[in-house]
Amino acid sequence: MVNPRAWLAEGISTFALVFFGPLAIILAIAHFGEGLNTTSVFFISLVHGGIIGIMIYAFGHISGAHINPAVTIPMMIVRQISIKDGIGYVASQIVGAVIASLTLLAIFPKLGMDVNLGTQPGPSEIINSSAASGFAVEAILTFFLLVTICMTAAHKKASAGWAGFAIGGMVFLIHMVGIPLTGASVNPARTFGPALVSGFWEFHWMYWAAPIIGGIIAVAIMKYIYLNQKD
């Protein structure tokens, strides 16, 4: 049984992420300068973590608030969500991301294109601009994002009411350490929307493959070791 109401929730919540997240990057560069610094990284991380946490509280009871194909696809594989609903979720996430990116371009045409609408820049010089290192970073960061989701939102003994705070907090930490390395995507839709609208496709494959693989590993481990157990 498909659930179009949940699809809409995924589209709206992903729109929110891809509007507020790249907007934070646009504003950080406009106010704090183009180079990465502690203030801009903290600001961008806080906005990404904050909007994810808020959307989980807003739509978690409707769709589970995946907001990310790297969450939905692993959940489809372990049969936590039907294939039809999973396809609807991913399509809605992508549509929401593209519409958010178009909205940003319409509001901030020059500032937005100056930063490619906040799409991820590829592996940084810190990791020698290595695709392999960037892949590893994105996969590991997504692994721990999915571990947090499974153990705070899906586990039957998880503390009630803390999922949004815990997951938003993990997203904040991911961006604090990941922005200087890969731009911290951990979300194919988050990268795809700005990339499509700005035309910036550098290392784009990595931002699909790494989060999905990291997510699949995490969900498989969490489901078969923890979520399927009675205790």
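Residues numbered from 1 in each chain as written. Predicted model: local features only at pLDDT ≥ 70, side-chain atom pairs only at ≥ 80, totals over all residues. Heavy atoms only, no water.

### A short note on the overall build of the protein chain
Next up, step 1: Check the secondary structure of the protein chain and you find nine helices and zero strands.
Next up, step 2: Helices and strands in the protein chain line up, N terminus first, as α-α-α-α-α-α-α-α-α.
Next up, step 3: The globule rule puts the C-alpha radius of gyration for 231 residues at 17 Å, and the 17 Å found for the protein chain is close to it.
Next up, step 4: On the principal axes, the C-alpha backbone points of the protein chain span a range of 50 × 35 × 30 Å.
Next up, step 5: Counting all 231 residues of the protein chain, 51% fall into the buried class.
Next up, step 6: If you take every contact in the protein chain between residues at least 6 apart in sequence, the share linking residues at least 24 apart comes to 78%.
Next up, step 7: With an accessible surface of roughly 10,600 Å², the protein chain has 71% of that area assigned to carbon and sulfur atoms.
Next up, step 8: Computed over 9 positive and 8 negative side-chain charges, the inter-centroid distance for the protein chain is 20 Å. (Helix = DSSP H or I, 4+ residues; strand = E, 2+ residues; numbered from the N terminus. Rg over C-alpha atoms; globule rule 2.2 N^0.38 Å. Buried < 20%, exposed > 50% of the residue type's maximum accessible area, 1.4 Å probe, protein only. Contact = heavy atoms within 4.5 Å. Areas by Shrake-Rupley, 256 points an atom, 1.4 Å probe, with all protein chains shown as cover. Lys, Arg positive; Asp, Glu negative; His and termini not counted. Charge placed at Lys NZ, Arg CZ, Asp CG, Glu CD.)

### Concerning the side chain of threonine 119
Next up, step 1: The topology assignment puts threonine 119 in the loop between helix H5 (109–114) and helix H6 (131–154).
Next up, step 2: On the accessibility criterion, threonine 119 (9% relative accessible area) is buried.
Next up, step 3: Polar side-chain contacts of threonine 119 include one of 3.4 Å to the backbone oxygen of threonine 191. (Polar contact = N/O pair within 3.5 Å; in protein donor to acceptor, adjacent residues only side chain to side chain.)

### Describing the packing of helix H4 (residues 83–107) against helix H8 (residues 188–198)
Next up, step 1: Running from amino to carboxyl end, H4 crosses H8 at an angle of 45°, the nearest separation of the two axes being 8 Å. The angle between the axes of H4 and H8 places the two elements in the oblique class. When the axes of H4 and H8 are compared, the crossing they make is right-handed. Judged by residue contacts, Gln93, Ile94, Ala97, Val98, Ser101, Leu102 and Leu105 of H4 engage Ala189, Phe192, Gly193, Pro194, Leu196 and Val197 from H8.
Next up, step 2: Here the contact of H4 with H8 is composed, by residue class, of ten nonpolar, three polar and no charged. (Axes fitted to C-alpha atoms, helices over the stretch in contact; angles between N-to-C directions. Parallel < 35°, antiparallel > 145°, perpendicular 65-115°, else oblique. Left-handed = near helix turned anticlockwise from the far one by under 90°. Nonpolar A, V, L, I, M, F, W, Y, C, P; charged D, E, K, R; others polar.)

### Some points on unusual backbone geometry
Next up, step 1: The backbone phi angle of serine 129 is positive, close to 50°, even though this residue is not glycine.
Next up, step 2: Within the secondary structure, serine 129 is located in the loop between H5 and H6.
Next up, step 3: With a phi angle near 55°, phenylalanine 203 is a residue other than glycine that sits in the positive phi range.
Next up, step 4: With respect to the secondary-structure elements, phenylalanine 203 resides in the loop between H8 and helix H9 (204–227).

Treat this as a map of the structure, not an account of what it does.
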